Amino acid sequence: MQTLSSTASLRESISAQRLQGRRIAFVPTMGNLHAGHLQLVRQASILADCVVVSIFVNPMQFGPGEDFATYPRTLDADKAALQAEGVEVLFLPAVEEMYAAGLEQATRIEVPGFEGDLCGRSRPGFFTGIATVVTGLFNRVQPDIAVFGEKDYQQLVMIKRMVRDLCMPIEVQGVATMREADGLAMSSRNAYLDAAQRDRAVHLYQVLGTVKAALESGSRDYTVLEQHALESLQQAGFVPDYVSVREQRSLRVPGPGCKQLVVLGAATLGSTRLIDNISLSIT
Ligand code: PAF
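What you are looking at is a predicted structure, and each value in this text was computed from that prediction instead of being measured.

Some thoughts on the sheet that holds strand β1 (residues 2–4)
Backbone hydrogen bonds hold the strands of a sheet together, and the pairing may be parallel or antiparallel. Read from one edge of the open sheet, 6 strands run β1-β4-β3-β2-β5-β6, paired in parallel fashion. The open sheet has two edge strands, β1 and β6 (171–175), and neither has a second partner. Between one strand axis and the next, the sheet turns through 25° on average, direction left out of account. Relative to β6, strand β5 (residues 145–149) runs parallel, the two being bridged by 5 bridges. Bridge assignment links V147 to a residue of β6, and that residue is Q173. The strands touched by helix α7 (residues 153–165) within the sheet are β5 and β6, with β6 carrying the most contacts at an inclination of about 170°.

The structure is reproduced here in structure tokens:
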């Protein structure tokens, strides 16, 4: 595995792959890799000949008071895991490499409708930070395919929209969320939970499952279902942010006749913010 930190060396390496006619799949990450990330890498290697992974803890997507400084950084273990998966190129840019003009002066990409909705409501600047860094990474790697987890569902929808709107020649693939044995969605932030919180954390997934079951049995009063879910989270010791039923592709509030739904939720347990979602079809 080549480990590269400059855009110039990355481009050189990718050009060599392209000369051999190889298709490139890209998996952007912030490191602290778990089985969910490795699943993305496996999917990427099924879809292309050469897998490029980036590890970059992107300061632009963290708000003041969020966990940028303490975000778990486990580079040695990450490298070993990627090597074992047969990843060809690991891109490890420094902040100055990604934001040459400095973070404040950097050109930003904003996809309308995301900053003020769902996770964007309580994390100002989050989605602009992601759209900006992903564009910067896409322009450096120029992959044929990019792979993202469905756990960050709103992020995935935003990136698909951005790629379409800006006509980026990249196919964006979502991969199903990997879960622990009890159903908790795998996440680097699960490491922040103490033992008691860890036991309770799966309640978020269970609550979304209850909403899904109600929708499948014909309930269509989304507001009532969302309100019950928030109360249930509160009773279990969470500080809920939102539970929302949306249309799968657009993330709009579903209109009548909409069959492809996703139930999304975010809640804080102790000081750890957890998110999850479940997709479903109704008849
Ligand atoms: O999902 C993540 O880990 C990050 O938001 C991403 C896509 C790597 C951008 O920093």
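Next comes the rest of the account.
Quick notes on the environment of T272
Among the secondary structure elements, T272 is positioned in strand β9 (residues 272–281). Sequence separation between T272 and R189 is 83 residues; the distance between their C-alpha atoms is 6.9 Å. Setting aside residues up to four positions removed in sequence, T272 forms contacts with R189, Y192, L193 and A267.

Thoughts on the packing of aromatic side chains
The description of two aromatic rings rests on the distance between their centres and on the angle between their planes. Within the structure shown, the criterion is met by 7 aromatic pairs. Look at F62 and Y71: their rings are 5.8 Å apart centre to centre, the planes differ by 75°, and that puts the pair in the edge-to-face class. The pair formed by F62 and Y71 is uniform in burial state, with each residue classed as buried. Between F138 and F148, the aromatic rings sit 6.3 Å apart at their centres with planes inclined by 70°, giving edge-to-face as the arrangement. Placement of the pair is F138 in helix α6 (residues 126–141) and F148 in strand β5, with a sequence separation of 10 residues.

Criteria and cut-off values
- Residues numbered from 1 in each chain as written.
- Predicted model: local features only at pLDDT ≥ 70, side-chain atom pairs only at ≥ 80, totals over all residues.
- Heavy atoms only, no water.
- Pairing = 2+ DSSP bridges.
- Helix = DSSP H or I, 4+ residues; strand = E, 2+ residues; numbered from the N terminus.
- Axes fitted to C-alpha atoms, helices over the stretch in contact; angles between N-to-C directions.
- Contact = heavy atoms within 4.5 Å.
- Phe/Tyr/Trp six-rings, centres within 6.5 Å; stacked < 30°, edge-to-face > 60°.
- Buried < 20%, exposed > 50% of the residue type's maximum accessible area, 1.4 Å probe, protein only.

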